[in-house]
Structure formats: C-alpha cells, structure tokens
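Coordinate inspection notes
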Amino acid sequence: MIRVLANDGLQEGAIDRLKLAGIEVVNNHYDKDKLKEEIKKFDVLVVRSATKVTADILNEAQKGNLKLIVRAGVGVDNIDIIKANELGIIVKNTPNASSDSVAELAIAHMFSVARFLGDSNYTMRIGEWNKKKYEGIELSGKTLGIIGMGRIGKALAKKASALGMVVIYNDIFGKQEKLPYEFFTIDEILKKSDFISLHVPYDKTKGSIIGRKEIGMMKEGAYIINCARGKVVDEEALLEALDSGKISGAGIDVFAEEPTKNEKLINHPRVSVTPHIGAATKEAQNRIGEEVATIILSFFNK
Ligand code: MLT
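Residues numbered from 1 in each chain as written. Predicted model: local features only at pLDDT ≥ 70, side-chain atom pairs only at ≥ 80, totals over all residues. Heavy atoms only, no water.

1. Quick look at the domain arrangement of the protein
The condition is simple: For every domain, the bounds stem from an assignment made automatically or drawn from a database. Residue contacts are counted whenever heavy atoms from the two residues lie within 4.5 Å of one another. A quick way to say it: buried area is the sum, across both parts, of accessible area lost when two parts are put together, with a 1.4 Å probe. Should a side-chain nitrogen of Lys or Arg be within 4 Å of a carboxyl oxygen of Asp or Glu, the pair is scored as a salt bridge. Polar contacts, as used here, are pairs of N or O atoms within 3.5 Å; protein pairs need one atom able to donate a hydrogen and one able to accept it. Residues neighboring in sequence count only if both atoms are side-chain atoms. Helix and strand assignments follow DSSP, with helices taken as H or I runs no shorter than four residues and strands as E runs no shorter than two, numbered in order from the N terminus. Residue classes follow a fixed rule: Ala, Val, Leu, Ile, Met, Phe, Trp, Tyr, Cys and Pro count as nonpolar, while Asp, Glu, Lys and Arg count as charged, and any other residue, Gly among them, counts as polar.
Under the domain assignment used here, the protein contains domain 1 (3-97 + 282-300) and domain 2 (98-273). Distance from the C-alpha centre of domain 1 to the C-alpha centre of domain 2: 31 Å. Contact with domain 1, which involves ten residues of that partner, is made by five residues of domain 2. Summed over both partners, the interface of domain 1 with domain 2 comes to about 610 Å²; 39% of that surface belongs to carbon and sulfur atoms. Contact with domain 2 buries surface across domain 1, with D77, P95 and N96 losing the most and accounting together for 44% of the total. With a closest N to O distance of 2.7 Å, D77 and R229 form a salt bridge. Taken together, the connections running from domain 1 to domain 2 amount to two residue pairs in polar contact (both at pLDDT 80 or more). No other element matches helix α12 (residues 282-299), which puts three residues into the side of domain 1 that touches domain 2. The residue makeup of the side of domain 1 that touches domain 2, split by class, is five nonpolar, two polar and three charged.

2. Description of the site of the ligand
This is how the line gets drawn: Working definition: residue near molecule or strand if any one of its non-hydrogen atoms lies within 4 Å of it. The Shrake-Rupley method, run with a 1.4 Å probe sphere, supplies the accessible areas, and residue values consider only the shown protein chains as cover.
Surrounding the ligand, one finds S49, R71, G73, V74, G75, R229, H276 and A279. Between an oxygen atom of the ligand and a side-chain N or O atom of H276, the distance comes to 2.7 Å. In isolation the ligand has 260 Å² of accessible area, and contact with the protein removes 86% of it. Split by residue class, the shell around the ligand holds two nonpolar, four polar and two charged.

3. Points about the UniProt feature "domain: D-isomer specific 2-hydroxyacid dehydrogenase catalytic" (unreviewed entry) in the protein
In plain terms, the rule: UniProt positions are given in the numbering used here, feature names are shortened, and annotations may be inferred rather than shown by experiment.
UniProt marks residues 9-301 with the feature "domain: D-isomer specific 2-hydroxyacid dehydrogenase catalytic" (unreviewed entry), using the numbering shown here. Split by type, residues 9-301 is 38% helix and 15% strand. Its first and last C-alpha atoms lie 23 Å apart.

4. Notes on the packing of aromatic side chains
The following threshold applies: Here the aromatic set is Phe, Tyr and Trp, taking the six-membered ring for Trp, and pairing holds for ring centres within 6.5 Å; pairs whose planes are under 30 degrees apart are stacked, those over 60 apart are edge-to-face, and all others are tilted. Exposure classes here rest on a 1.4 Å probe applied to the protein chains alone. A residue is buried below 20% of its type maximum, exposed above 50%, and partly exposed in between. Note on criteria: charge over ring means Lys NZ or Arg CZ within 6 Å of the ring centre, with the direction from the centre no more than 35 degrees off the ring normal.
Scanning the model with the defined rule gives four aromatic pairs in all. On the basis of an interplanar angle of 80 degrees and a centroid distance of 5.4 Å, the ring pair of Y169 and F183 is categorised as edge-to-face. Highlighted residues: Y169 in strand β7 (residues 166-170) and F183 in strand β8 (residues 182-183), separated in sequence by 14 residues. For F183, a relative accessible area of 25% puts it in the partly exposed group. Stacked on the ring of F42, the Lys or Arg R3 has its end atom at 4.5 Å from the ring centre.

5. Some details on the sheet that holds strand β12 (residues 271-273)
To keep things clear, this is the line we draw: Pairing between strands is defined by DSSP: at least two bridges between the two strands are required. Note on method: axes are straight lines fitted to C-alpha atoms, helices fitted across the in-contact stretch only, with angles between N-to-C directions ranging 0 to 180 degrees.
Strands sit in the order β8-β7-β6-β9-β10-β11-β12 across an open sheet of seven strands; the sheet is parallel. Unpaired on one side and paired on the other, β8 and β12 mark the two borders of the sheet. As judged from the four bridges shared by strand β6 (residues 143-147) and strand β9 (residues 195-198), these two strands associate in the parallel manner. The partner of G145 across the bridge, within β9, is I196. Taken strand by strand, helix α5 (residues 99-114) contacts β6, β9, β10 (222-226), β11 (247-252) and β12, and its axis lies near 145 degrees from that of β10. Across the sheet, helix α7 (residues 151-162) is in contact with β6, β7 and β9; its angle to β6 comes to roughly 175 degrees.

6. Describing the UniProt feature "domain: D-isomer specific 2-hydroxyacid dehydrogenase NAD-binding" (unreviewed entry) in the protein
Within this structure's numbering, the places UniProt gives as "domain: D-isomer specific 2-hydroxyacid dehydrogenase NAD-binding" (unreviewed entry) are residues 107-278. The span residues 107-278 is 33% helix and 17% strand, and its two end C-alpha atoms sit 11 Å from each other.

7. Here's the deal with helix α1 (residues 12-20)
For clarity, the cut-off: Summarising the geometry, the arc corresponds to the directions from the helix axis toward the C-beta atoms.
All buried positions along α1 are accounted for by A14, I15 and L18. The arc that holds the buried residues of α1, viewed along the axis, is 100 degrees, so those residues lie on one side. Away from its buried face by more than 90 degrees, α1 exposes E12 and L20. Where α1 is buried, its residues meet β2 (24-26) and α12. Of the residues trailing α1, G22 is marked for its positive phi of about 85 degrees.

8. Here's the deal with the packing of α1 against α12
Inclusion rule: We call two directions roughly parallel when the angle between them is under 35 degrees, roughly antiparallel when it is over 145, roughly perpendicular when it lies between 65 and 115, and oblique otherwise. Crossing handedness is defined as follows: a turn of the near helix away from the far one that is anticlockwise and smaller than a right angle gives a left-handed crossing, while the clockwise case is right-handed.
Where α1 contacts α12, the axes come no closer than 8 Å and their chain directions differ by 20 degrees. Classified by the interaxial angle, the pair formed by α1 and α12 is roughly parallel. In this structure, the crossing between α1 and α12 has a hand that is right-handed. Within the contact between the two elements, α1 uses A14, R17 and L18 and α12 uses G289, E290, A293, T294, I296 and L297. Its residues placed into classes, the contact of α1 with α12 shows five nonpolar, two polar and two charged.

9. Structural notes on α7
What counts here: Under the convention used throughout, the expected extent of a helix is 1.5 Å for every residue step, that is, one less than its residue count.
In this model α7 runs 17 Å from its N-terminal to its C-terminal C-alpha over twelve residues, within 8% of the 16 Å that 1.5 Å per residue would give. Among the residues of α7, those classed as buried are I152, G153, A155, L156, A157 and A160. Against the buried residues of α7 lie α5, β6, β7 and β9. After α7 finishes, the residue G164 shows a positive phi value of roughly 90 degrees.

Below, the structure is given as structure tokens:
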C-alpha cells in the first residue's frame, strides 16, 4: 500500500481523495529526530514550510521507499532539492493555488502602510485618538513596481491596476510581451516606484535584492512590501531607512528568521507586519489540498 506522511497537515478533502484511491495517509507531525526514524516507512512526504527537509532526513529516507516530496505551497526553500535530486527523489510544489491570496495580502499591506492601520489600531487600543497624526496617501495614481512577474506578481498587477495604480515590473525572464504593463530594469523600477512589491524566491548566491544601495536609489518616502521571502530585503538597511524617513513604510509578511526575533522591525510604527500568512486563506488552502492530491494520484497513475 502507498503510504503518505502529511507532516505539516493536509486538507480533509485531499486526504479523502487519497484514501478513496486506496492510499494510506498519516496526518501527523513528527519533529526532526522522529521524522528521521519514520520517513523510511513512507512513499510520499507532504510538507508546508514548518518541516525542514534536510540532507540527513533525505539520507534516512533513501533507506526506505520515499519517492516523492510534495511542498504544499510555492517556495521550496525548506527542502534540500540538490540532495533530493541526487537521491532520485522527485520534488513537486503547488505553484497555482495561492497567487490570489498572496496578492491580496500585498494589497492589504499597501493599504495598511498608506493609511497607518497597524499603528492606529495599536494606539487606539491604548486609549489614544491621533486623528491628525494619520494623514495617509491614496494608492490610486501611485506607481507600483513589481519585482518578479510570476503568477503572484501577475495577480497583484491585475488587482493594483483595478485600484488605479500604475504598474511597472521587472522579471529575471525579461519582458513578457503580452503583459499590459511596462518592463524596466531593476534600477529603473527602484527610481520610478512609489511602492515596490517583491515576488521572487531568495537566492542565497545573490543575497538580498533590496539592500542599502537599492534603497538609496528609491524615491524619497517610497514604500516596500515583502510577501516573498524575508532575506530578499536586508532588514537592517530597511530599519535604517524607516528611521531616516527615506522609506515611509513597509509591509512585511516574511522575515530573515521565522519566527522573527527582530523586535525593532515588528514594533516599528511605520511597519505593517503579519506572520507569514500569504497563503493562509481557506480558499488557497483548499486549492493547495486539491493540487497536492492530484500530484500524488497522477504520480502513482491512480
Ligand atoms: C509559499 O511559499 O507557499 C508561501 O510562502 C506560504 C508558505 O510558505 O506556506
């Protein structure tokens, strides 16, 4: 019998579909040491971001039957892909399921920083009424520079355009001919944008995309939104720029270390923070579950 370990949980609908096809699903979380013992007993490992699928876990997996790892989400940075490839273990993700959810969160952070939602929620709760302090800006008419025009970038571009924002973009694959938005180099995006939103994976060989130099090139008082990966933005450089006023605000869903210990960043009055919840909507999670089940069923020709 094919055995699936859903180490970070899996939607009930997906579990039911797999069970109907005669696949056993263990919906249980094992911590690292226990996972090293148990992994040999499974054909498939399903993870979200909590489980780190390291080389030592994969070496143990190789002693058993593991053939497939499914990342229930987009980023596969918690999986040692090189090692998995070396061992012939296939890695798949669910790139289609959460684009609208992440794009909506990026928009939410834009509104939040433009209208001081985080700080005004906090100060009202401690008894303040700072009506004069919170004169914000409209998103309408502002230029949004999207770095990374994949599925999420495109979903964001559509929503931002509908809000009256002027969308410009950069992507490592270059200009995408069919898009109704202007393509610019990263330097030009930095110079032209009122808001920059990042939708790229983190590449440790390249380091952060937004550091001191890049912030220096941005418009005075621009905003940064990061719902991609924490290390894509240099947190120290961002804090300095927030303190100096060079950057008016930042909407941050992802952190260099998670859970973050960067108290200065999360408590900054010009920062809107969420704990990596880009894909955390009922709709995205249901779609992710469906996609995970489909991947497993087609892998085993079921
Ligand atoms: C993803 O990569 O799918 C998102 O960042 C959400 C997550 O990590 O769970």
